[in-house]
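Here are the chains, one letter per residue:
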Amino acid sequence: MKRLKLRYHHLMCCYTFKGVGYNEAFSQNMKQVVSMLGASEELELHLCGGCDDLCAWCPHNRGGQCDTGESVCARDREVAAFFGLEGRKMLLLSEYRSNILPKQKQLSSIDEVCRKCTFTALCQQVLTEKNQI
Ligand code: SF4
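Quick notes on the rules
- Residues numbered from 1 in each chain as written.
- Predicted model: local features only at pLDDT ≥ 70, side-chain atom pairs only at ≥ 80, totals over all residues.
- Near = placed C-beta within 6 Å.
- Nonpolar A, V, L, I, M, F, W, Y, C, P; charged D, E, K, R; others polar.
- Pairing = 2+ DSSP bridges.
- Helix = DSSP H or I, 4+ residues; strand = E, 2+ residues; numbered from the N terminus.
- Buried ≥ 20, exposed ≤ 12 C-beta atoms within 10 Å, placed from the backbone.
- Axes fitted to C-alpha atoms, helices over the stretch in contact; angles between N-to-C directions.
- Contact = placed C-beta atoms within 7 Å.
- Core = buried A, V, L, I, M, F, W, Y, C linked by C-beta atoms within 7 Å.

Draft legend 1. Representation of the site of the ligand. Neighbouring the ligand are the residues C51, L54, C55, C58, H60, N61, C66, T68 and V72. For the shell around the ligand, the class distribution of residues is six nonpolar, three polar and no charged.

Printed below as a string of structure tokens:
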């Protein structure tokens, strides 16, 4: 079975991704990751609180450590708690679709789950469009 390594808060980033990222290489990689989440093939999502398959192409990834500071780890913890995923290390794509995606579709504001980041305004715009609030 295919595997994808994702830090917890990237479950939200993938939900609101619309092609914009830190640079072209990052965005292209993220498109592939997001397409895996939309594919029919089952997938193991290996959840973590460190650098993952999205960070692999990020300019903020310094030797496997995110250089944006502690807030990114707090974001992981908060997103994990919001979706009831604390301590959960593996999630099947089918479980993501039945347990997490419905909660994402009910969100009206990014602030309900994510603290502020570079992309907050864009994520809110996409969330509003997607969830037709
Ligand atoms: S900013 Fe940090 S957490 Fe986000 S993708 Fe880049 S390295 Fe990963």
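Draft legend 2. Fine view of the pairing of strand β2 (residues 43-48). Note: strand β1 (residues 2-7) against β2, six bridges, orientation parallel. Paired with R3 across the two strands is E44, which belongs to β2. Here three bridges tie β2 to strand β5 (residues 90-92), and the two strands are oriented antiparallel to one another. Looking at β5, one finds that L45 is bridged to L91.

Draft legend 3. Spatial organisation of the environment of A25. Mapping A25 onto the fold places it in helix α2 (residues 24-37). Judged by the 13 C-beta atoms lying within 10 Å of it, A25 is partly exposed. A C-alpha to C-alpha distance of 22 Å links A25 and H46, two positions 21 residues apart in sequence.

Draft legend 4. Inspection of the sheet that holds β2 at higher detail. Read across the sheet, three strands follow the order β1-β2-β5 without closing on themselves; strand pairing throughout is mixed. Of all strands in the sheet, those with a lone pairing partner are β1 and β5, marking the two edges. Each strand of the sheet is rotated relative to its neighbour by a mean of 25°, with strand direction disregarded. Across the face of the sheet, helix α4 (residues 93-105) comes into contact with β2 and β5 while running at roughly 85° to β5.

Draft legend 5. Examining the nonpolar core more closely. In terms of nonpolar packing, the biggest core is built from 28 residues, with L11, M12, L45, V79 and V113 touching the most fellow members. Of all elements in the fold, only β1, α1 (10-15), α2, β2, α3 (71-82), α4 and α5 (120-131) reach the threshold of two or more residues within this core. If one sorts the elements of this core by residue count, α1 sits on top with four residues.

Note that all results are geometric; they support no functional claim without further evidence.
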